[in-house]
Amino acid sequence: MNNPLRLLALPRLTPRVLHVWQRNRDVFVKTYRVNFLPPFLEPILYLLSLGFGVGSFIPEIAGVSYAQYIAPALVSISIMNAGFFECTYASYVRMYYQKTYDAIIATPLTIDEVIVGEILWGATRAFINTVIMLPVLFLFGVLDLPWSLFVIPFAFLAGFLFASIGMCFTAMTPGIDTLNLPTFLFITPMFLFSGTFFPLTLLPKFVQYLAVALLPLTHVVTVIRSLTLGTPSPLLPFSLVWLTVATVLVFLLAVNLMKRRLVI
Amino acid sequence: MAPVIEATGLTKRFGDLVAVDHVTFRVEQGEVFGFLGPNGAGKTTTMRMIQCVSPKTEGSLQVFGMEVEGHESEIKRQIGVVPQENNLDPDFTVYKNLLVYARYFDIPLPEAEATIQELLTFVELSEKRDTPIEKLSGGMKRRLILARALINRPRLLILDEPTVGLDPQARHLIWERLREIRNRGNTIVLTTHYLEEAERLCDRLVIMDRGGILVEGPPRELVKRHAGTHVVEADDTPQVRACLDRLGARYEPMGELLQAYTDTPRDVTRALVGECQMGHVAARPATLEDVFLRLTGRKLRE
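Note that the structure is a prediction, hence the values are computed from the model and not measured. (Residues numbered from 1 in each chain as written. Chains lettered and ligands numbered in written order. Predicted model: local features only at pLDDT ≥ 70, side-chain atom pairs only at ≥ 80, totals over all residues. Heavy atoms only, no water.)

### Section: the domain arrangement of chain B
- As assigned here, chain B comprises domain 1 (5–223) and domain 2 (229–285).
- Between the C-alpha centres of domain 1 of chain B and domain 2 of chain B there is a distance of 40 Å. (Domains from an automatic or database assignment.)

This is the structure we're talking about:
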């Protein structure tokens, strides 16, 4: 592992990856009532308080109502949380406390396949949340159709990125408590300063540059807002390229960092 | 017939620590082979290399005639593993645990269902089929792990401390089942701290310490070779030492006692009681534990 390029080595995969995904799905289905509630309630609460509450003081923002402005941000944040938290705390519990990974790699599955299955599941959680949220937001009249439908496949890809990011932290964290650090230092600032609740342009120039260069949520919000409003942002092509490159790099990094942690 | 496992000069290093140091051994088809040794001897590391989850540093390791490196999935398809720590899936019931595990092996559903039925009967858990894992006793969990390790009908079963922390009933049930598995022609490799377990189950075993193999052979032979048939214990006093020296007996201090290893316990006992007029003298058959402690010492291992 002295050669840094080895951290970007391609994983070796077989269709058995899906068995890891199926395992997590089976647990999810078993407890579906609790799992489906948050993504259903969250957009309602946020839209009522921020969108229509705070929004009543804001006649218009970037040419749309405040509720319309933050609706895509709510979807983006839900995608971020679903992917990131599934592959940090939940994955860490499976890896360290439940020894689920140890049990699985005693079968023909490889550690590569376990990690990729976990990330695919994190992406699926983001996808499920989005599928639940969109009809709710639609009923509030804050989505443009049919463009908003493209948010559904995009949610899986964006979820894949946040799941991979989470997995990188899981690979490096000394214990479950230290996972609070990326949550407070990375996820929370991103939640607030990625053009989610107010335009990036209100921020000082260098903070704007930082947000565009480093915060994946900025680009996810850009893409989803372009779709839900039905008007492409000028940043859209750049955001798509940024997300593609970041997803590939972070995904490979996640798999190899986890291998470095687990293959001993 | 080709050996099931063949290790030659097998070595595993973690940084500066040599966990397994050039060990060589063969496990033949159909035998129960034991790895004994104090904590940190390198047993579990050796097991992990055989299971294809920990890559070797040096040497050669073949399982089913295949070099481990590069054939991980093919080898793992044919082995069953009972790990030291329980790693059942706490999110599922007994039945679902086995079903999910069968899926990892790509076993088709109808076949998996039939096998699970059969295995639950085998480990006497049929009535616990729909019980969540947390409701099982330690012995039940261990039995379920054994059933899980058999789901793919493995040619080789690897057990790391299979009966640790179990009551005698549960332990005997596991032993009985392992004998049945062996009698069907399967190969079993196990590590254990329970020397009685090793003595009862193993056809052959090795005693490891500090990453190396100290001795290898059938348990009875090892006892005979390294401890004689009997052990005579007496208080550790200069008189007893002098007496044993005069008899030409092999002896070692073990705590406050002297232990003499002998094939003629009567003569030694008679001499100690009669000629040397010793108070406390006891003779008993030698066990694997005597061999183990002689070879690895009494010092505590952390």
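### Looking at unusual backbone geometry
- Of the consecutive residues A:Leu145 and A:Pro146, the connecting peptide bond is found in the cis state with omega at 5 degrees.
- Although it is not a glycine, B:Asp106 sits at a positive phi angle of roughly 60 degrees.

### Side note on a nonpolar patch on the surface
- A contiguous nonpolar surface patch, about 440 Å² in accessible area, is contributed by A:Leu5, A:Leu8, A:Val241, A:Val245 and A:Leu249.
- Under the relative-accessibility criterion, A:Val245 is labelled partly exposed at 45%. (Patch = residues over 30% accessible without salt bridge, like charges linked within 9 Å, V, L, I, M, F, W, Y side chains within 5 Å. Areas by Shrake-Rupley, 256 points an atom, 1.4 Å probe, with all protein chains shown as cover. Salt bridge = Lys/Arg side-chain N within 4 Å of Asp/Glu carboxyl O. Buried < 20%, exposed > 50% of the residue type's maximum accessible area, 1.4 Å probe, protein only.)

### Focus on the pattern of salt bridges
- Enumeration over the complete set of coordinates arrives at 30 salt bridges over all chains.
- A:Asp26 is the salt-bridge partner of B:Arg103, the closest N and O atoms lying 2.8 Å from each other. With B:Arg103 in helix H3 (residues 94–104) and A:Asp26 in helix H1 (residues 17–30), the pair connects residues from two separate chains.
- The exposure class assigned to A:Asp26 is buried, which follows from its relative accessible area of 10%.
- Across the salt bridge formed by A:Arg94 and A:Glu86, the nearest N and O atoms sit 2.9 Å from each other.
- The buried category is assigned to A:Glu86, whose relative accessible area is 8%. (Helix = DSSP H or I, 4+ residues; strand = E, 2+ residues; numbered from the N terminus.)

### Side note on the pairing of strand S6 (residues 79–82) of chain B
All names here are of chain B.
- Neither face of S6 is open: one carries Ile-79 and Val-81, the other Gly-80 and Val-82, and all of them are buried.
- In terms of strand pairing, S6 meets strand S7 (residues 156–160) through four bridges, oriented parallel. Paired with Ile-79 across the bridge in S7 is Leu-156. (Pairing = 2+ DSSP bridges.)

### Some details on the environment of A:Asp177
- Inspection of the secondary structure assignment puts A:Asp177 in the loop between helix H6 (151–172) and helix H7 (180–192).
- C-alpha of A:Asp177 to C-alpha of A:Ser76: the two residues are 101 residues apart in sequence and 26 Å apart in space.

### Notes on the confidence of the model for chain B
- Looking at chain B as a whole, its pLDDT mean stands at 91, while 98% of the residues score no less than 70.
- Averaged pLDDT values over the elements of chain B bottom out at 82 in helix H10 (residues 265–274) of chain B and peak at 98 in H3(B). (pLDDT = per-residue confidence, 0-100.)

### Here's the deal with the nonpolar core
- Membership of the largest hydrophobic core comes to 168 residues, with the highest contact counts inside it found for B:Ile5, B:Phe25, B:Leu146, B:Ile151, B:Leu156, B:Leu157 and B:Leu178.
- The greatest single-element share of this core, amounting to 15 residues, is contributed by helix H3 (residues 66–97) of chain A.
- Of the domains in this structure, domain 1 (5–223) and domain 2 (229–285) of chain B are the two that each give at least three residues to this core.
- Among all residues touching B:Leu157, those that are not within four sequence positions of it are B:Gly80, B:Leu146, B:Ala149, B:Leu150, B:Leu178, B:Ile181, B:Thr187, B:Ile188 and B:Val189. (Core = buried A, V, L, I, M, F, W, Y, C linked by side-chain atoms within 4.5 Å. Contact = heavy atoms within 4.5 Å.)

### Things to note about the packing of H6(A) against helix H10 (residues 236–262) of chain A
Residue and element names in this part refer to chain A.
- Packing of H6 against H10 brings their axes to within 8 Å, and their N-to-C directions diverge by 35 degrees. Relative to H10, H6 is oriented so that their crossing is left-handed. For the pair formed by H6 and H10, the contact residues are Phe-154, Phe-160, Leu-161, Ser-164, Ile-165, Met-167, Cys-168, Thr-170, Ala-171 and Met-172 on the first element and Leu-243, Ala-246, Thr-247, Val-250, Phe-251, Leu-253, Ala-254, Leu-257, Met-258 and Arg-261 on the second.
- Tallied by class, the residues present in the contact of H6 with H10 amount to 16 nonpolar, three polar and one charged. (Axes fitted to C-alpha atoms, helices over the stretch in contact; angles between N-to-C directions. Left-handed = near helix turned anticlockwise from the far one by under 90°. Nonpolar A, V, L, I, M, F, W, Y, C, P; charged D, E, K, R; others polar.)

### Quick look at the interface of chain A and chain B
- In this assembly, 23 residues from chain A lie in contact with 25 residues from chain B.
- Taken together, the two surfaces of chain A and chain B that pack against each other cover about 2,200 Å², and 53% of this comes from carbon and sulfur.
- One salt bridge connects B:Lys96 with A:Asp26, and the closest N-O pair in it is separated by 3.1 Å.
- There are 14 residue pairs in polar contact (both at pLDDT 80 or more) connecting chain A and chain B.
- When residues in the side of chain A that touches chain B are grouped by element, the largest group, eight residues, is from H1(A). (Buried area = accessible area lost by both parts, 1.4 Å probe. Polar contact = N/O pair within 3.5 Å; in protein donor to acceptor, adjacent residues only side chain to side chain.)

### As for helix H5 (residues 138–149) of chain B
- With 12 residues, H5(B) should cover 16 Å at 1.5 Å per step; its first-to-last C-alpha distance of 17 Å lies within 8% of that length.
- Across the 12 residues of H5(B), 10 count as buried, placing the element largely inside the fold.
- Listed as buried for H5(B) are B:Gly139, B:Met140, B:Arg142, B:Arg143, B:Leu144, B:Ile145, B:Leu146, B:Ala147, B:Arg148 and B:Ala149.
- Where H5(B) is buried, its residues touch helix H4 (100–105) of chain A together with S6, H3, helix H4 (109–122), S7 and helix H6 (168–183) of chain B. (Expected span 1.5 Å × (residues − 1).)

### What to know about the packing of aromatic side chains
Residues and elements named next belong to chain A.
- Summed over the entire model, instances satisfying the criterion amount to 23 aromatic pairs over all chains.
- Plain terms: the ring middles of Phe-84 and Phe-85 are 5.3 Å apart, the flat faces sit at 90 degrees to each other, and that makes the pair edge-to-face.
- With relative accessibility at 0%, the residue Phe-84 sits in the buried group.
- Residues Tyr-96 and Tyr-97 carry aromatic rings whose centres are separated by 5.0 Å and whose planes lie at 85 degrees to one another, so their mutual orientation is edge-to-face.
- Assessed through its relative accessible area of 42%, Tyr-96 is described here as partly exposed.
- Of the aromatic side chains, those joined through ring pairs into one cluster are Trp-21, Phe-28, Tyr-32, Phe-36 and Trp-121.
- The ring of Tyr-69 carries the charged tip of Arg-225 above its face, separated from the ring centre by 3.7 Å. (Phe/Tyr/Trp six-rings, centres within 6.5 Å; stacked < 30°, edge-to-face > 60°. Lys NZ or Arg CZ within 6 Å of the ring centre and 35° of its normal.)

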